[in-house]
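Tertiary structure, described
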Amino acid sequence: MTEPHPGIPPLIATSVVRGARQGDSHGGIYIVDFTAQEVTQVVDWNTAEIDFQGRGWDRGLRGIAFFGDEIYVAASDELFVYDRAFRIQRTYRNSYLKHCHEIARLNNHLYLTSTGHDSILAFDLEKQAFFWAMHIAIEGGEARGTAYDPLGSSGPGGANGPPAQNLLHLNNVYADERGLFVSGMRTQALLHVGGADKVRIAVDMPAGIHNARPFREGVLFNDTAADVVRYVGRDGTQRAFAVPKYAPDELERTELGDDKLARQGFARGLCVINERLIAAGSSPSTITLYDVDAGGELGRVNFSMDVRNAVHGLEVWPFG
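Below or above, wherever it landed, is the structure these notes cover. (Residues numbered from 1 in each chain as written. Predicted model: local features only at pLDDT ≥ 70, side-chain atom pairs only at ≥ 80, totals over all residues. Heavy atoms only, no water.)

Some thoughts on the overall build of the chain
How we decide: Strands are runs of DSSP state E lasting at least 2 residues, helices are runs of H or I lasting at least 4, and numbering of each runs from the N terminus. Contacts between residues were defined by any pair of non-hydrogen atoms, one from each residue, lying within 4.5 Å. Areas reported as accessible are Shrake-Rupley estimates using a 1.4 Å probe. Residue values count occlusion only from the protein chains shown.
Scanning the chain from N- to C-terminus turns up one helix and 26 strands. At a minimum sequence separation of 6, the contacts of the chain that also span at least 24 residues come to 48%. Here the chain displays about 13,400 Å² of accessible surface, and carbon together with sulfur accounts for 46% of that area.

Quick word on the sheet that holds strand E11 (residues 119-124)
To keep it simple, the criterion reads: Two strands are counted as paired when DSSP detects at least two bridges linking them. Note on geometry: axes are lines fitted to C-alpha atoms, helical ones only across the stretch in contact, with angles between N-to-C directions running from 0 to 180 degrees.
Taken in spatial order, the five strands make up an open sheet running E9-E10-E11-E12-E13, and their pairing is antiparallel. Edge positions in the sheet fall to strand E9 (100-106) and strand E13 (142-148), since each of these pairs with one other strand and no more. Pairs of neighbouring strands in the sheet enclose a mean axial angle of 20 degrees, with direction left out of account. Sheet topology places strand E12 (residues 129-139) next to E13; seven bridges connect them, and they run antiparallel. Within E13, the position partnered with histidine 135 by the bridge is threonine 146.

Things to note about the sheet that holds strand E19 (residues 218-223)
The pairing of strands in a sheet comes from backbone hydrogen bonds and takes either a parallel or an antiparallel form. Across the sheet, which stays open at both edges, the four strands sit in the order E18-E19-E20-E21 with antiparallel pairing between neighbours. Each of the sheet's edge strands pairs with one partner strand only, and the pair in question is strand E18 (210-215) and strand E21 (238-242). Neighbour-to-neighbour, the strand axes of the sheet open up by a mean angle of 10 degrees, direction not taken into account. Judged from the five bridges that link them, strand E20 (residues 228-233) and E21 form a sheet pairing that is antiparallel. Residue pairing for E21: valine 228 is matched across the bridge by alanine 242.

Considerations on the pattern of salt bridges
The criterion, for reference: Salt-bridge detection follows one rule: a side-chain nitrogen of Lys or Arg within 4 Å of a carboxyl oxygen of Asp or Glu. The cut-offs for exposure are 20% and 50% of the maximum accessible area for each residue type, with area from a 1.4 Å probe on protein chains only; residues under the lower value are buried, those over the upper are exposed, and the others partly exposed.
A full pass over the atoms with the stated rule returns 15 salt bridges. In this structure, arginine 93 engages aspartate 77 in a salt bridge whose closest nitrogen and oxygen atoms are separated by 3.0 Å. With a gap of 16 residues between them, arginine 93 in the loop between strand E8 (88-92) and E9 and aspartate 77 in the loop between strand E6 (70-74) and strand E7 (79-82) connect regions that are remote in the sequence. Look at arginine 93 and you get partly exposed, because its relative accessible area is 47%. Two residues, aspartate 176 and arginine 178, come together in a salt bridge whose shortest N-O distance is 2.5 Å. Overall, the relative accessible area of 7% leaves aspartate 176 in the buried class. Here the residues in one salt-bridge network are Arg216, Arg276, Asp291 and Asp293, joined through shared partners.

Let's talk about the packing of aromatic side chains
Two descriptors summarise a pair of aromatic rings, namely the distance from one centre to the other and the angle between the planes of the rings. What counts, and what does not: Each pair of aromatic rings taken from Phe, Tyr and Trp, with Trp reduced to its six-membered ring, is defined by centres within 6.5 Å and is described as stacked if the planes are under 30 degrees apart, edge-to-face if over 60, and tilted in the remaining cases. We call a charge positioned above a ring when the Lys NZ or Arg CZ atom is no farther than 6 Å from the ring centre and deviates by at most 35 degrees from the ring normal.
Applying the stated rule across the entire model yields 13 aromatic pairs. Relative to phenylalanine 80, the ring of tryptophan 45 has its centre 5.3 Å away and its plane inclined at 80 degrees; by these criteria the two rings are edge-to-face. Taken together, the positions of tryptophan 45 in the loop between strand E3 (38-44) and strand E4 (58-60) and phenylalanine 80 in strand E7 put the pair 35 residues apart, joining distant regions of the chain. When sorted by exposure, tryptophan 45 lands in the same class as phenylalanine 80, which is buried. An aromatic cluster is present here, built from Phe66, Tyr82, Phe86, Trp317 and Phe319 joined pairwise through their rings. Taking NZ or CZ as reference, arginine 216 lies 5.9 Å from the ring centre of tyrosine 231, over its face.

Topic: the environment of serine 282
Summarising the element assignment, serine 282 is placed in strand E23 (residues 277-282). Taking the C-alpha atoms as reference points, serine 282 and valine 228, separated by 54 residues in sequence, lie 9.7 Å from one another. Discounting chain neighbours no more than four positions away, the residues touching serine 282 are Val243, Pro244, Phe266, Ala267, Arg268, Ala310 and Val311.

Description of the pairing of E11
Of all six residues in E11, six are buried; the element is thus mostly enclosed. Taking the residues between adjacent antiparallel strands as the criterion, strand E10 (residues 109-114) and E11 are bridged by four residues, where aspartate 118 takes a positive phi near 50 degrees. With six bridges connecting them, E11 and E12 associate as antiparallel partners. Paired with serine 119 across the bridge in E12 is histidine 135. Hairpin connection, E11 to E12: the antiparallel pair is bridged by four residues, and glutamine 128 has positive phi, about 55 degrees.

Describing the pairing of strand E25 (residues 296-302)
Pairing of strand E24 (residues 286-291) with E25, which is carried by six bridges, proceeds in the antiparallel orientation. Counted as the bridge partner of leucine 289 is glycine 299 from E25. Remark: four residues form the turn of the hairpin made by E24 and E25, two consecutive strands paired antiparallel; glycine 295 in that turn has positive phi of roughly 75 degrees.

Section: the layout of surface pockets
The following threshold applies: A 1.4 Å probe that fits but cannot get out identifies a cavity on a 1 Å grid over protein atoms alone, an open set with protein on both sides within 12 Å along at least five of seven lines counts as a pocket, and a residue lines either if it has an atom within 4 Å of a point. Grid points are joined across faces, edges and corners, and a volume is the space filled by probe spheres set on the points. Only Asp, Glu, Lys and Arg are considered charged, only Ala, Val, Leu, Ile, Met, Phe, Trp, Tyr, Cys and Pro nonpolar, and every remaining residue, Gly among them, polar.
As a volume, the largest pocket reaches approximately 530 Å³. In terms of lining residues, the largest pocket is bounded by 22 residues, among which Ala104, Arg105, Tyr174, Arg213 and Glu315 are the most central. When residues of the lining of the largest pocket are traced back to their parent elements, those giving at least two are strand E5 (64-67), E9, strand E14 (170-176), E18, strand E22 (270-272) and strand E26 (309-316). Of the residues forming the lining of the largest pocket, the biggest block, five residues, is contributed by E26. Considering only residue class, the lining of the largest pocket consists of 13 nonpolar, five polar and four charged.

Put into structure tokens, the structure is as follows:
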């Protein structure tokens, strides 16, 4: 921690570890309190009672959402439900949930990115069941969506759903009363999914982005390819916040190298604290507070110098 920041609510973060092997830590869940200057790891993914199989290359926990008194956390191909003491209550799988990244809740529906199937899946939080999915494609500069049944009996690639291709690398979904906003590393746009399952390009974006979402009168996102967090307003306002970088002798596991499994400065994980303050994640696992109006960094916390270990999900902790 750098210094106390009174008034900043606690944050909850997940982390992933690139290329970890069985017996290694695979990241976990953390509560970060900038006011109390405390970081508490509440889940160690290596010690949780979960099979090693199916965790994926980028191992660990991803998107975070809340419903009632429960916490929903996505892994690569599974949705976990924790109570407030971080005890697993239930888990859910789906044939079309592959390489999930971020998730978002709107009312009683949870939306999950299925990166491996270029899809968004919907989960009914009251019925506790998947019930809708949409495959997204961009062709000739036009976006289109095809709704399908995520419970289709034919399985991936059959008559009821799309094959696993990962053409767009969808990694984020944001939901509000206007609809869904979807983006990925290869969409080069923030896509809007509205009524009648109509998909359109809402905003052109650079390639290599994470966590894009509407913010104020513009868009906020991790420009991961450029190692910055950006806010771009419709009025021409632009803010770019550099992702923290560390001296090489401070880093651990640097033998992996930038061109192999992991690198420092990989920007992923983003949440809005209020209309002025945001928090962003990066590797090695660091959370940084930024003031959008002042255009500067307010503080940061690091909880691993292992270059493989990166923040993934990041939200305001709602339970006090």
